[in-house]
Amino acid sequence: MKDSALDFRRRLTRAGALRWFLLRQLPLAWLAGCRLKALESERAEVAIRHRWLNQNPFRSLYFGAQAMAAELSTGLLVMQHTWQRRPGVSMLVTGMQAEFTRKATGLVVFACADGAALRKAVEATVASGEGQTVDAVSIGTDETGAVVARFTFRWAVKRRSS
């Protein structure tokens, strides 16, 4: 398992790899400008810059664009532990909660450090065959380091039937 997670991270952190993945699998995130800043075993960071295409009428980053970047920061952590699993493991967002604390302009980085909890949920579902749910928090900070948003995503993982 650890080898496949490491392989996943190596593949995705190559130059242009995430952009190609987004273009093929999540074109709206590609179009909005989501970019991978860091992907490690326990932590992921996704950046998005406020620009005309992803702004709201108040000239700040649209909440939907923030949600995409935040979800991607949590989803990549789940994906690295489900990638090439035998038996396969499905993943699905079953809930989301958001809190906005400041106007989001400029570059906003969403960071999730719940990789260990997500890995444990995947391993538990593979071992027991029972579905698991886990909450992952992604915190968005602007260029000054101020928190602009906090998202909590509830991920459900379930072992696929062979």
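It should be noted that the structure appears before, not after, this text.
Now for a look at the structure at hand. (Residues numbered from 1 in each chain as written. Predicted model: local features only at pLDDT ≥ 70, side-chain atom pairs only at ≥ 80, totals over all residues. Heavy atoms only, no water.)

## As for unusual backbone geometry
Heads up, the condition is: Under the DSSP-based scheme used, a helix requires at least four consecutive residues in state H or I and a strand at least two consecutive residues in state E, with every element numbered from the N terminus. Note on exposure labels: buried denotes an accessible area under 20% of the residue type's maximum, exposed denotes more than 50%, and partly exposed covers the range between, all computed with a 1.4 Å probe on protein chains only.
Residue Pro 87 follows Arg 86 across a cis peptide bond; omega there is 0°. Within the fold, Pro 87 resides in the loop between α4 (63-82) and β3 (89-100). In this structure, Arg 59 is a non-glycine residue whose phi angle is positive, near 60°. Summarising the element assignment, Arg 59 is placed in the loop between β2 (44-49) and α4. Among the residues examined, Arg 59 registers a relative accessible area of 64% and is labelled exposed. One non-glycine residue, Gln 84, adopts positive backbone phi at about 60°. Residue class for Gln 84 comes out partly exposed when judged on its relative accessible area of 48%.

## Section: the pattern of salt bridges
Condition: We count a salt bridge whenever a side-chain nitrogen from Lys or Arg sits within 4 Å of a carboxyl oxygen from Asp or Glu.
One pass over the full model with this rule turns up 5 salt bridges. The partner of Arg 43 in a salt bridge is Glu 45, with the nearest N and O atoms 3.0 Å apart. Residues Arg 102 and Asp 142 are paired through a salt bridge, measuring 3.8 Å at the closest nitrogen-oxygen approach. Here Arg 102 is found in the loop between β3 and β4 (107-112), whereas its partner Asp 142 is found in the loop between β5 (132-141) and β6 (147-159), with 40 residues between them in sequence. According to the relative accessible area criterion, Arg 102 is partly exposed, its value standing at 47%.

## Comments concerning the packing of α4 against helix α5 (residues 115-128)
What counts here: Axis definition: a line fit to C-alpha positions, over the contact stretch in the case of helices; interaxial angles, taken between N-to-C directions, run 0 to 180 degrees. Each angle gets one of four labels, with under 35 degrees taken as roughly parallel, over 145 as roughly antiparallel, 65 to 115 as roughly perpendicular, and the rest as oblique. Crossings are sorted by hand: turned counterclockwise from the far helix by less than a right angle, the near helix makes the crossing left-handed, and turned clockwise it makes it right-handed. Contact definition: two residues touch when any of their heavy atoms are within 4.5 Å. Classes in brief: Ala, Val, Leu, Ile, Met, Phe, Trp, Tyr, Cys and Pro nonpolar; Asp, Glu, Lys and Arg charged; the others, Gly included, polar.
Across the interface, α4 lies against α5 with an axial gap of 9 Å and an inter-helix angle of 40°. In terms of orientation, α4 lies oblique with respect to α5. When the axes of α4 and α5 are compared, the crossing they make is right-handed. Contacts from Thr 74, Leu 77, Val 78, His 81 and Thr 82 in α4 reach Gly 115, Leu 118, Arg 119 and Val 122 in α5. Looking at the contact of α4 with α5 residue by residue, the class counts come to 4 nonpolar, 4 polar and 1 charged.

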